[in-house]
Amino acid sequence: LEPFRPTEADIQALIGTVIADERPLRDFSNMEVDDVYRGAIPFAALCCAGVQSIPLIEQALARPLSTEARRKLARALALMGAPAAVDVLLNELAVELAGDQLPPIHGEIRHTHRLAPDQAAMPEAAYLLYALGMARSEHSLPIWQRVVDLLAQASLDDVFATSSGVFAYVDAVCSGAERLASPAAIPLLEKLQLT
């Protein structure tokens, strides 16, 4: 193994590649069971570039971007624990959760005909929730509460249905609350338990 020590130019190139690639991140694993993706994944490389990449990603987020690019860069920041991810992810989740029910999985994801949980197949909002949890911010509490409120409508069948994503939503809220480790999350976890 060789240490990964990208230069600023390398990081800028990775950011540019992530922005230009409009595919959702799940596409890197959306393949046959016996297939193996052997190429470099620019998003993964960017997340491994170290804290020196945070201000460069923040600068990129200040520019006009597609929804997919903005979400990818915010997730990268969240994975690195950068507070700048929170507002972007909250805004994106507000859009995703504006309806009267939790968004299901959209698009074709292979091998998801089995019962949940299937972490390779989640609604986009669940992926964003997991990222938000990694940012460890009390500003996440209202959006988690919104998810818990919407989960109250889920049936037992929904819990085990891969397409609904209910399992992923519950796990994302619990994971985020665990990382936050704040007593302020206790009421929503209690409500979630009763749901």
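Details of the structure are given in the entry above.
Residues numbered from 1 in each chain as written. Predicted model: local features only at pLDDT ≥ 70, side-chain atom pairs only at ≥ 80, totals over all residues. Heavy atoms only, no water.

Re helix α6 (residues 124–134)
Reasoning step 1: The element α6 is extensively covered by neighbouring structure, given that ten of its eleven residues are classed as buried.
Reasoning step 2: Listed as buried for α6 are Glu 124, Ala 125, Ala 126, Tyr 127, Leu 128, Leu 129, Tyr 130, Ala 131, Leu 132 and Gly 133.
Reasoning step 3: Buried-residue contacts for α6 involve α4 (67–79), α5 (84–96), α7 (141–151) and α9 (166–180).
Reasoning step 4: Of the residues one or two after α6, Arg 136 is the one with positive phi, at around 50°. (Buried < 20%, exposed > 50% of the residue type's maximum accessible area, 1.4 Å probe, protein only. Helix = DSSP H or I, 4+ residues; strand = E, 2+ residues; numbered from the N terminus. Contact = heavy atoms within 4.5 Å.)

Digging into the packing of α7 against helix α10 (residues 186–194)
Reasoning step 1: Running from N to C, α7 and α10 point in directions that differ by 15°, and their axes come no closer than 10 Å. Looking at the two axes, α7 sits roughly parallel to α10. Considering the relative orientation of α7 and α10, their crossing is left-handed. On α10, the residues that touch Leu 141, Trp 144, Gln 145, Val 148, Asp 149 and Leu 151 of α7 are Leu 188, Lys 191 and Leu 192.
Reasoning step 2: Here the residues of the contact of α7 with α10 are counted per class, giving six nonpolar, one polar and two charged. (Axes fitted to C-alpha atoms, helices over the stretch in contact; angles between N-to-C directions. Parallel < 35°, antiparallel > 145°, perpendicular 65-115°, else oblique. Left-handed = near helix turned anticlockwise from the far one by under 90°. Nonpolar A, V, L, I, M, F, W, Y, C, P; charged D, E, K, R; others polar.)

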